[in-house]
Amino acid sequence: MKVLGIMGSPRLKGNTDLLLDEALRGAKSRQAKVEKIIVDKMKITPCKEYYGCLKDGNCVMRDDMDVVIPKLLEAEGIIVASPMFFYGVTAQLKALIDRCQALWVRKNILKNLPESKRKGAFIGVGATRGKQLFDGSILVIKYFFQAFGAEYADELLVRGVDKRGEIKEHPDLLKEAFALGERLAQSTT
Ligand SMILES: Cc1cc2nc3c(=O)[nH]c(=O)nc-3n(C[C@H](O)[C@H](O)[C@H](O)COP(=O)(O)O)c2cc1C
């Protein structure tokens, strides 16, 4: 089975990146074929509401979403990871999500998106410890998964890490990320 990791932080080897790597290592340990995309390295224009997708479920803009959409549809497991930026996911990741309106159209208007048993997981990271830190992002990620028929199956929400790579001081949390990847790979077989 295939597990796709979507790395939403612009900071390479930062907290989100390291947690996602652990999750993907966990999935790989359960025989998943894993792949990671680094959203910040891709050219993804935010949705412009041209609504070309209403015609055939394809966006009229040509950029790296042409690569992302097939990867999303091929994967049985998807792990989305993002730091919290002003109580939300990063702008880079949000642009990718909004461009999946094309999939939402396929599923809900054209009704030609094949049924699937895809499962998704969310890894969120923030510096503060507020109770509601992840509330908005969880709603975004749930709706994102729903757009292409994936179930929101798991999450790891990490509070109180800020500096680049600070997560390495929390091996317990890295282990939790590994375990999340294992669970996702197991549940998609
Ligand atoms: C633009 C920006 C906005 C941020 N907003 C929040 C926030 O609303 N809440 C929070 O807890 N941390 C916030 N942070 C801190 C990051 O979430 C935190 O440093 C995180 O560990 C970064 O993860 P990374 O290393 O994967 O990029 C913000 C950081 C930046 C750069």
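Residues numbered from 1 in each chain as written. Predicted model: local features only at pLDDT ≥ 70, side-chain atom pairs only at ≥ 80, totals over all residues. Heavy atoms only, no water.

Undergrad: Quick question: what am I supposed to make of the packing of helix H4 (residues 91-99) against helix H6 (residues 135-147) here?
TA: How two helices pack is summed up by the angle between their axes together with the distance between the axes. It is at 10 Å that the axes of H4 and H6 come closest, and there the two elements cross at 35 degrees. For the pair H4 and H6, the crossing hand works out as left-handed. Residue-level contacts link Lys94, Leu96 and Ile97 of H4 to Val140, Ile141 and Phe144 of H6. For the contact of H4 with H6, the residue count by class is five nonpolar, no polar and one charged. (Axes fitted to C-alpha atoms, helices over the stretch in contact; angles between N-to-C directions. Helix = DSSP H or I, 4+ residues; strand = E, 2+ residues; numbered from the N terminus. Left-handed = near helix turned anticlockwise from the far one by under 90°. Contact = heavy atoms within 4.5 Å. Nonpolar A, V, L, I, M, F, W, Y, C, P; charged D, E, K, R; others polar.)

Undergrad: Before we go on, may I ask you to explain the site of the ligand in this structure?
TA: The ligand sits among 17 residues. The nearest are Ser9, Thr16, Thr128, Val161 and Asp162. Between Val161 and the ligand, the recorded distance is 2.8 Å, taken from a backbone N or O atom to an oxygen atom. Asp162 is positioned with one of its side-chain polar atoms (N or O) 2.6 Å from an oxygen atom of the ligand. Applying the majority rule of atoms within 2 Å of the grid points places the ligand in the second largest pocket. Each residue belonging to the shell around the ligand can be placed in one class, and the counts come to nine nonpolar, six polar and two charged. (Near = heavy atom within 4 Å. Polar contact = N/O pair within 3.5 Å; in protein donor to acceptor, adjacent residues only side chain to side chain. 1 Å grid on protein atoms, 1.4 Å probe; cavity = no way out; pocket = protein on both sides within 12 Å on 5 of 7 lines; lining within 4 Å. Sits in = over half its atoms within 2 Å of the grid points.)

Undergrad: What am I meant to see in a nonpolar patch on the surface here?
TA: Taken together, the side chains of Tyr51, Leu54 and Ile109 make up a nonpolar region of the molecular surface, amounting to roughly 270 Å² of accessible area. Note on placement: Leu54 falls in helix H2 (residues 53-56). Take Leu54: its relative accessible area is 39%, and that puts it in the partly exposed class. (Patch = residues over 30% accessible without salt bridge, like charges linked within 9 Å, V, L, I, M, F, W, Y side chains within 5 Å. Areas by Shrake-Rupley, 256 points an atom, 1.4 Å probe, with all protein chains shown as cover. Salt bridge = Lys/Arg side-chain N within 4 Å of Asp/Glu carboxyl O. Buried < 20%, exposed > 50% of the residue type's maximum accessible area, 1.4 Å probe, protein only.)

Undergrad: Looking at this model, I keep getting lost on the pairing of strand E2 (residues 33-38). Mind explaining?
TA: Regular strands have side chains that alternate between both faces of the sheet. Bridge count between strand E1 (residues 2-7) and E2: six bridges; the pairing is parallel. Along E2, the bridge assignment pairs Met7 with Ile38. Note that the unit made of E1, helix H1 (residues 15-29) and E2 has a crossover that is right-handed. (Pairing = 2+ DSSP bridges. Right-handed = clockwise from strand over helix to strand, strands pointing away.)

Undergrad: Would you mind going over the pairing of strand E4 (residues 119-125) with me for this structure?
TA: Extensive coverage of E4 is indicated by the burial of seven of its seven residues. Of the two faces of E4, the one lined by Lys119, Ala121, Ile123 and Val125 and the one lined by Gly120, Phe122 and Gly124 are each fully buried. Sheet topology note: the strand E3 (residues 77-83)/E4 ladder contains seven bridges and is parallel. Paired with Ser82 across the two strands is Gly124, which belongs to E4. Where E4 lies against strand E5 (residues 151-158), seven bridges are found, and the strand directions are parallel. Residue pairing across strands places Lys119 opposite Glu151, the latter belonging to E5. For the crossover from E4 across H6 to E5, the handedness is right-handed.

Undergrad: Help me understand the pattern of salt bridges, please; the structure alone is not making it clear to me.
TA: Side-chain pairs of opposite charge can arise where the charged atoms are in close proximity. Throughout the structure, instances matching the rule amount to twelve salt bridges. Its salt-bridge partner being Arg99, residue Asp63 comes within 2.8 Å of it at the nearest N-O pair. In this pair, Asp63 is assigned in the loop between H2 and helix H3 (65-74) and Arg99 in helix H4, connecting sequence segments 36 residues apart. For the pair Asp63 and Arg99, a shared accessibility class is recorded, and that class is buried. Among the ionic contacts, a cluster of salt bridges with common partners joins Lys13, Asp17, Asp21 and Lys36.

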